[in-house]
Amino acid sequence: MTSQQQKRRNVRRRIFYLKRAAALGTVILLTGILALLLLSCMADKSTEPAAQKTQAGQPRPANAAMPVSRGEAPAAPTVPTVQNVPDGWKQIDLSESALREGTLVLVNNQIAFDDSIPETVTVYDQKDGSYLVKDIYLSVTQETMDALNEWMDAFAAETGIRDVNIVAGWRSFQDQTGLYENAVSNRGQAYADAYIALPGHSEHHTGLAVDLDTYDVESGASGGFDGEEDYAWAVEHAWEFGFIQRYPEAKSEITGINFESWHFRYVGLPHAYVMRSENLCLEEYIDYLRGYPFSGRHLNVTCFDNNYEIYFCPKDQVVVPSSGDYRVSGNNVDGFIVVIELP
Ligand SMILES: [Zn+2]
C-alpha cells in the first residue's frame, strides 16, 4: 500500500468515526429534550389548582376553571396575595378573630380560645320535649342548638328515652377557673389535670360543646352518661347530627384528656362523618385537612347524598368560590377550612 493510499484510508476512517459520534450526539440530545418535556408536563399536573372532579365523577361546576394570569397591576395588598387565583375564585380578607369562629375551632391544653365570647342561645328557650336541661341559663351556639334538638328527638323517637339532661354548654373563663380550683381542692391535682381544662383551654368556651347526664325525675338523682346499653344509640348516631364524642379512650394521648363518655362537640357535617370514617379525633382531623390545600387536591366527600368539596387555606390566603354557597371555619391555629356543597 502506498503512503497515498494509507492517507486516504486514514481520512475515510476519521470520517466514519466522526459520523458515528455525530449520530450518537443526536440521539443523546433528543433523549434529553424528551426527558425535559416529560418532566415539565408532570410539573404542570402537580400544580393543578383544585380537584377537578367530584367523587361521583361529575365535572366541577363552571366556576372552577383553570387559572389564568391577569394583566392588571395589583393594588397595594393588605394581605399576601395568592398567586394565580383561578377564574371563578376570589381571595377574601378575614380578620384574626375569624380564626376563632366556625365549627372547627380547635381548643385543647396547648391551644387556648383567647377570651372571645361566642354568640349563644339558651337551650331552655329552644329545646324540644325529648330531653332535659340543667337550668335556664345554659347556652350553646345556634347551630349546636339546632343539631342538639334533632339528635335528641331522633334518640327519643328510637328508644323512647327522654331523661338525657344537658348539664354543661357554653362556659365563661371565670366559671372554668372556679371549676378547676374546686377540682384541685376536692379531688386533687392529678384528677383536675386529667379531666378539667385550664381556664382558656376548655372547649366549653366555644359554645360548641355539651355535657350529657341523665336525670331521674322521680328521685331527682343524676345517673351519669356512660353511653352504654340504652344510651348507646345516641353515641353511635351522634355523627349523623354533626356531633363527635370529643375525647375517645383510644385518642387520649393526642387529645390530652382522659375518656369522657359525656362530652360531645358539634363540628357539623360532613366533618363528623369524615372524622368517624377515618377514625380521627379533632386534633388529627385539623392536621389531615392541611393535606388538602387550595393549591392542591381538594377533599371530596359524599354524605347523605350530598357532595362536598373541602380544602384548607393558610390564614391571610383564603380563597373561596366567587359565586355560590360555601362555609368557612377558622381552626384557631393557622388557617381556615372551606366547605363547598356541590350541586
Ligand atoms: Zn365537657
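Everything discussed here concerns the structure shown above.
Residues numbered from 1 in each chain as written. Predicted model: local features only at pLDDT ≥ 70, side-chain atom pairs only at ≥ 80, totals over all residues. Heavy atoms only, no water.

A word on the overall build of the chain
- Within the chain, the secondary structure is distributed over 9 helices and 13 strands.
- For the chain, the computed accessible surface area is about 19,000 Å², with 53% contributed by carbon and sulfur atoms. (Helix = DSSP H or I, 4+ residues; strand = E, 2+ residues; numbered from the N terminus. Areas by Shrake-Rupley, 256 points an atom, 1.4 Å probe, with all protein chains shown as cover.)

Details of the coordination of the zinc ion
- Only His 204 (NE2), Asp 211 (OD), Asp 211 (OD) and His 263 (ND1) from the protein reach the zinc ion as donors, at distances of 2.1 to 2.7 Å.
- Coordination at the zinc ion is irregular, judged from the 4 donor atoms that bind it and the angles of 53 to 152° they form at the metal.
- Counting residues between consecutive donors of the zinc ion along the chain gives the motif H-x6-D-x51-H.
- The class for His 204 is buried, based on a relative accessible area of 3%. (Donors = N, O, S within 2.8 Å, 3.2 Å for Na, K, Ca; no water. Tetrahedral: all angles 85-135°; square planar, octahedral: opposite > 155°, others 65-115°. Buried < 20%, exposed > 50% of the residue type's maximum accessible area, 1.4 Å probe, protein only.)

Concerning the side chain of His 205
- Relative to the assigned elements, His 205 resides in the loop between helix H5 (189-195) and strand E6 (209-214).
- Looking at His 205, its side chain comes within polar contact range of the main-chain nitrogen of Gly 200, at 2.9 Å.
- Residues in contact with His 205, not counting those within four places in the same chain, are Phe 113, Pro 118, Trp 170, Arg 171, Ser 172, Phe 173, Gln 176, Pro 199 and Gly 200. (Polar contact = N/O pair within 3.5 Å; in protein donor to acceptor, adjacent residues only side chain to side chain. Contact = heavy atoms within 4.5 Å.)

A short note on the environment of Val 274
- Here Val 274 shows up in helix H8 (residues 271-277).
- Judged by its relative accessible area of 5%, Val 274 falls in the buried class.
- Between the alpha carbons of Val 274 and Val 301 there is a distance of 7.8 Å; along the sequence they are 27 residues apart.
- Not counting residues up to four positions away in its chain, the partners in contact with Val 274 are Asn 279, Tyr 285, Tyr 288, Leu 299 and Val 301.

Details of a nonpolar patch on the surface
- A cluster of nonpolar side chains, contributed by Tyr 124, Ile 136 and Tyr 137, occupies part of the molecular surface with about 390 Å² of accessible area.
- For Tyr 124, a relative accessible area of 48% puts it in the partly exposed group. (Patch = residues over 30% accessible without salt bridge, like charges linked within 9 Å, V, L, I, M, F, W, Y side chains within 5 Å. Salt bridge = Lys/Arg side-chain N within 4 Å of Asp/Glu carboxyl O.)

Some thoughts on the sheet that holds strand E7 (residues 243-245)
- Here we have 5 strands laid out as an open sheet, ordered E3-E5-E6-E8-E7, and mixed in their pairing. The open sheet has two free edges, formed respectively by strand E3 (132-133) and E7, since each of these has just one partner strand.
- Where E6 lies against strand E8 (residues 263-266), 3 bridges are found, and the strand directions are antiparallel. Counterpart to Asp 211 in the pairing with E8 is His 263. (Pairing = 2+ DSSP bridges.)

Focus on the packing of aromatic side chains
- Throughout the structure, instances matching the rule amount to 16 aromatic pairs.
- An angle of 70° between the planes, with centres 5.0 Å apart, marks the rings of Trp 89 and Phe 294 as edge-to-face. Of the two residues, Trp 89 is situated in strand E1 (residues 89-92) and Phe 294 in the loop between helix H9 (282-290) and strand E9 (299-303); the sequence distance between them amounts to 205 residues. Side by side, Trp 89 and Phe 294 carry an identical accessibility label, which is buried.
- Put simply, the rings of Trp 151, Phe 155, Phe 225, Tyr 231, Trp 233, Phe 243, Phe 264 and Tyr 266 pair up and form one aromatic cluster.
- Lying across the ring of Tyr 131, Lys 127 places its NZ or CZ 5.3 Å from the centre.
- Over the ring of Phe 312 we find Arg 290, and its NZ or CZ is 5.9 Å from the ring centre. (Phe/Tyr/Trp six-rings, centres within 6.5 Å; stacked < 30°, edge-to-face > 60°. Lys NZ or Arg CZ within 6 Å of the ring centre and 35° of its normal.)

Comments concerning the pattern of salt bridges
- Counted by the stated rule, this structure contains 10 salt bridges.
- Across the pair Asp 211 and Arg 171 runs a salt bridge, and its minimum N-O distance is 3.8 Å. With Asp 211 in strand E6 and Arg 171 in the loop between strand E5 (164-168) and helix H4 (173-187), the pair connects residues that are 40 residues apart, well separated along the chain.
- Residues Asp 287 and Arg 290 are paired through a salt bridge, measuring 2.5 Å at the closest nitrogen-oxygen approach.

Examining the side chain of Thr 214
- When you line up the elements, Thr 214 lands in strand E6.
- With a relative accessible area of 8%, Thr 214 lands in the buried category.
- Here Gly 224 takes part through its backbone oxygen, which lies 2.8 Å from a polar atom of the side chain of Thr 214.
- Aside from chain neighbours lying at most four places away, what touches Thr 214 is Asp 163, Asn 165, Ala 221, Ser 222, Gly 223, Gly 224, Phe 225 and Tyr 231.

Brief notes about the sheet that holds strand E10 (residues 306-314)
- One open sheet accounts for 4 strands, arranged E9-E10-E13-E12; its pairing is antiparallel. Every other strand in the sheet has two partners, leaving E9 and strand E12 (326-330) as the edge strands with one partner each. This sheet shows a mean twist of 25° between the axes of neighbouring strands, independent of strand direction.
- As paired elements, E10 and strand E13 (residues 335-342) share 8 bridges and run antiparallel to each other. Across the sheet, Cys 313 pairs through a bridge with Phe 336, a residue of E13.
- Across the sheet, H9 touches E9, E10 and E13, and the angle it forms with E10 is around 85°. (Axes fitted to C-alpha atoms, helices over the stretch in contact; angles between N-to-C directions.)

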